[in-house]
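# Report on the structure
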Amino acid sequence: MLRVTLRGSGLPTVTLGSGETLLFGRAPHHALPEDTDADLRTTAIALPRCAPHVSRLLGELVVGEEIARLRWHGSGETQVSSLFDAPGGARRVTLAEGMSLLLDEGENQLLVMRGRQTGPTTYDDLAIVVEVTPSPTASVPRPAPPEHGESDASVTAPAPTLPRESREWFVALALAEPWLSGTDDYPRPPSNREIYERVVHWHGYAWNLERAQRVDDAIRSISALAFGPKDDPFRAGSGRAQNVRFAIGRRTAEVRLVTVEDLEAVERAAARRNVPPTSP
């Protein structure tokens, strides 16, 4: 038998036992089963202060006799970190929509990047802790399901992003390219000159990015959107510039300000534009 506890900042602690299921997200009550018997074994809880781009149903936590399984339903990715009793036992994985993960015994932390709204246009990461422990008892008490309003909650809003094919969008693509392409075991951030040359290759026109200051300004804008004001490394004012750029490049790829599909699209466009004319 297992006991699973879910907790987080501003979130009432929820405890589940074997045979029970928890649905959680911005407004997950629409996903409750219509079957009466199943409804008695399923709880839905809305996470407080969720950003409007967070999915109504983020996760489905199913507790079995010996395992606890998390199925991810969110449109964005989440990182799951855990620490279990094994040599070098730290584990960190990324879940995308439709993926499932067996949770380790002990504490598992879910991190929904830019999932908590801190202001009209500012966001912070949303952290949720799921603790899995063996239970000697057959029945585990849990709080009653919270009251909820309309089951048809508002439609999930799109995540904050960069205007497609803008100067900042192309700079973000060049900055995150090492992580998107996966060609390096240990990616390094590109230099200002390399960013300028990549934008010229993809777009033909590079605004004024031949000036290093303009590249730096674009990277600052990207960083503010990717991290939010609380964790923006430029606001922290510490660390070497190259380390800051490394963090921004990786974060830009992680929160999908630009994607692998974006990189493939600009490469195809560049290939079409740069095809030499055929001889008559």
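Preceding this section is the structure that the text describes.
Residues numbered from 1 in each chain as written. Predicted model: local features only at pLDDT ≥ 70, side-chain atom pairs only at ≥ 80, totals over all residues. Heavy atoms only, no water.

### Some thoughts on the environment of A44
Structurally, A44 is set in strand β4 (residues 42–46). Using a relative accessible area of 2% as the deciding quantity, one classes A44 as buried. (Helix = DSSP H or I, 4+ residues; strand = E, 2+ residues; numbered from the N terminus. Buried < 20%, exposed > 50% of the residue type's maximum accessible area, 1.4 Å probe, protein only.)

### A look at helix α7 (residues 260–273)
Between its first and last C-alpha, α7 extends 20 Å over 14 residues, near the 20 Å set by a 1.5 Å rise per residue. Residues of α7 that are buried include every one of D262, L263, V266 and A270, and no others. For α7, the buried positions fall inside an angular range of 100° around the axis, keeping them on one side. Buried residues along α7 sit in contact with α2 (167–181) and α3 (192–203). (Expected span 1.5 Å × (residues − 1). Arc of directions from axis to C-beta. Contact = heavy atoms within 4.5 Å.)

### Observations concerning the sheet that holds strand β3 (residues 21–25)
With mixed pairing, five strands are arranged side by side in an open sheet as β4-β3-β5-β6-β9. Strand pairing shows two members of the sheet lacking a second neighbour, β4 and β9 (100–102), which therefore form its edges. Put simply, the sheet's adjacent strands are angled 20° from each other on average, direction ignored. Pairing of β3 with β4 involves five bridges; the strand directions are parallel. (Pairing = 2+ DSSP bridges. Axes fitted to C-alpha atoms, helices over the stretch in contact; angles between N-to-C directions.)

### Remarks on the packing of aromatic side chains
The final tally for this structure, using the stated rule, is five aromatic pairs. Consider the rings of W179 and F246, whose centres lie 5.1 Å apart with planes at 75°: the pair is edge-to-face. Separated by 67 residues along the polypeptide, W179 in helix α2 and F246 in helix α6 (residues 241–254) bring together distant segments of the chain. Overall, the relative accessible area of 16% leaves F246 in the buried class. Taking the centre distance of 5.5 Å and the plane angle of 55° together, the rings of Y205 and W207 count as tilted. (Phe/Tyr/Trp six-rings, centres within 6.5 Å; stacked < 30°, edge-to-face > 60°.)

### Some words on the environment of G59
Assignment of secondary structure puts G59 in strand β5 (residues 59–63). On the basis of relative accessible area, G59 is assigned to the buried category, the value being 0%. Counting along the chain gives 36 residues from G59 to L23, while the straight-line C-alpha distance between them is 5.9 Å. Aside from chain neighbours lying at most four places away, what touches G59 is L22, L23, F24, L70, R71, W72 and H73.

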